[in-house]
Amino acid sequence: MKAPKRLQALIEEGLIDSVVRQLMSGKEAQVFVVRQGEDTFCAKIYKEATHRSFRQAVDYTENRKVKNSRQARAMAKGTRFGRQAQEEAWQSAEVDALYRLAAAGVRVPKPLNFYEGVLLMELVADEAGDAAPRLNDVVFSADQARQHHATLLAEVVRMLCAGVVHGDLSEFNILLAADGPVIIDLPQAVDAAGNNHAARMLLRDVDNLRSFFGRFCPALLPTAYGPEIWHLYTKGMLSQDTPLTGRFVPDAHSVDLQAVLREIEDTRLEEQDRRLRMGL
Ligand SMILES: Nc1ncnc2c1ncn2[C@@H]1O[C@H](COP(=O)(O)OP(=O)(O)O)[C@@H](O)[C@H]1O
Ligand SMILES: [Mg+2]
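Heads up: these notes are all about the structure in this document. Quantities reported herein were computed from a predicted structural model and do not represent experimental measurements. (Residues numbered from 1 in each chain as written. Chains lettered and ligands numbered in written order. Predicted model: local features only at pLDDT ≥ 70, side-chain atom pairs only at ≥ 80, totals over all residues.)

With that settled, consider the site of ligand 1. Lining the immediate surroundings of ligand 1 are 21 residues, of which Gly26, Glu28, Val31, Val124 and Asp185 lie closest. Among the secondary structure elements, those contributing two or more residues to the shell around ligand 1 are strand E2 (29-36), strand E3 (39-46) and strand E5 (118-122). Grouping the amino acids of the shell around ligand 1 by side-chain chemistry returns 13 nonpolar, two polar and six charged. (Near = placed C-beta within 6 Å. Helix = DSSP H or I, 4+ residues; strand = E, 2+ residues; numbered from the N terminus. Nonpolar A, V, L, I, M, F, W, Y, C, P; charged D, E, K, R; others polar.)

Quick look at the structure:
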């Protein structure tokens, strides 16, 4: 296909040779399959910040590090320079998170380059080498659901141990590659230790996995891995090998118990709101 304008710059730089096709356009970005020599990659072009929802702007930019104070002031004031700085912070947050997570061995597409607002990364592919489907487009047996749920919980733990909470993890942002699920779409990822919303986002991410895979494997529905994982994390007791039970028995002497329970209640209310809004 003819390269869209924003990919033209990458062709001129020799970063890619040609554009094969556009993948389904999500809410924040346009994504293309591109070729470079014998290789196939994926190019993600971010949409303008103005097209994004307000909530993301509030939740996700909190505590995000900016390069200098002029930038911080401009972002706070919402000047044109400020909006541009915010835009760049958002885009580079995804790039930073991808490099950090790929280095930590998390199942994310390997980032290759970030040029002129375009992220070039590994194409997550199915057995035939085509772009992999989202979990939402696949039907699972109870056994497969249990297995993928366990794999993804381990990835959530690996991310948290690397200091990152995804923040928008769901069946729409996980692709089923030939060798298992791969996590994508990280511009809203937050620093687990430095963001006040990290607990709520982690609980919501894990809850999305529970309810999605619970459709195929109802035994997963009563599990409480989110509170268990966050509790262990805040206690400094979470590592990749920590055995998880899926049960959360609050320790009566625990100082952060109230905070965890508050987060659970917030998550529940938020989900209730969402369902109301969607007319469920
Ligand atoms: N690395 C990748 N490999 C294959 N497909 C991808 C890749 N990244 C994104 N996609 C496809 O593009 C869609 C949108 O990408 P995503 O990062 O989720 O952006 P958005 O913010 O628009 O949701 C995804 O649902 C997926 O189908
Ligand atoms: Mg997405």
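After that view, the rundown keeps rolling.
With phi around 50°, glutamate 116 is a residue other than glycine that occupies positive phi space. Residue classification places glutamate 116 among the exposed positions, given that 12 C-beta atoms sit within 10 Å. Here aspartate 185, not a glycine, exhibits a phi torsion of approximately 65°, which is positive. Residue position: aspartate 185 is located in the loop between strand E8 (180-183) and strand E9 (190-191). (Buried ≥ 20, exposed ≤ 12 C-beta atoms within 10 Å, placed from the backbone.)

A pair of packed helices is captured by two measures, namely the crossing angle of their axes and the spacing between those axes. Following both chains from N to C, one finds helix H6 (residues 198-214) and helix H7 (residues 225-234) inclined at 145°, their axes separated by 8 Å at the closest point. H7 is crossed by H6, and the crossing has right-handed handedness. On the side of H6, the interface is formed by Ala199, Leu202, Leu203, Val206, Asp207 and Arg210, while H7 contributes Tyr225, Gly226, Pro227, Ile229 and Trp230. Here the residues of the contact of H6 with H7 sort into eight nonpolar, one polar and two charged. (Axes fitted to C-alpha atoms, helices over the stretch in contact; angles between N-to-C directions. Left-handed = near helix turned anticlockwise from the far one by under 90°. Contact = placed C-beta atoms within 7 Å.)

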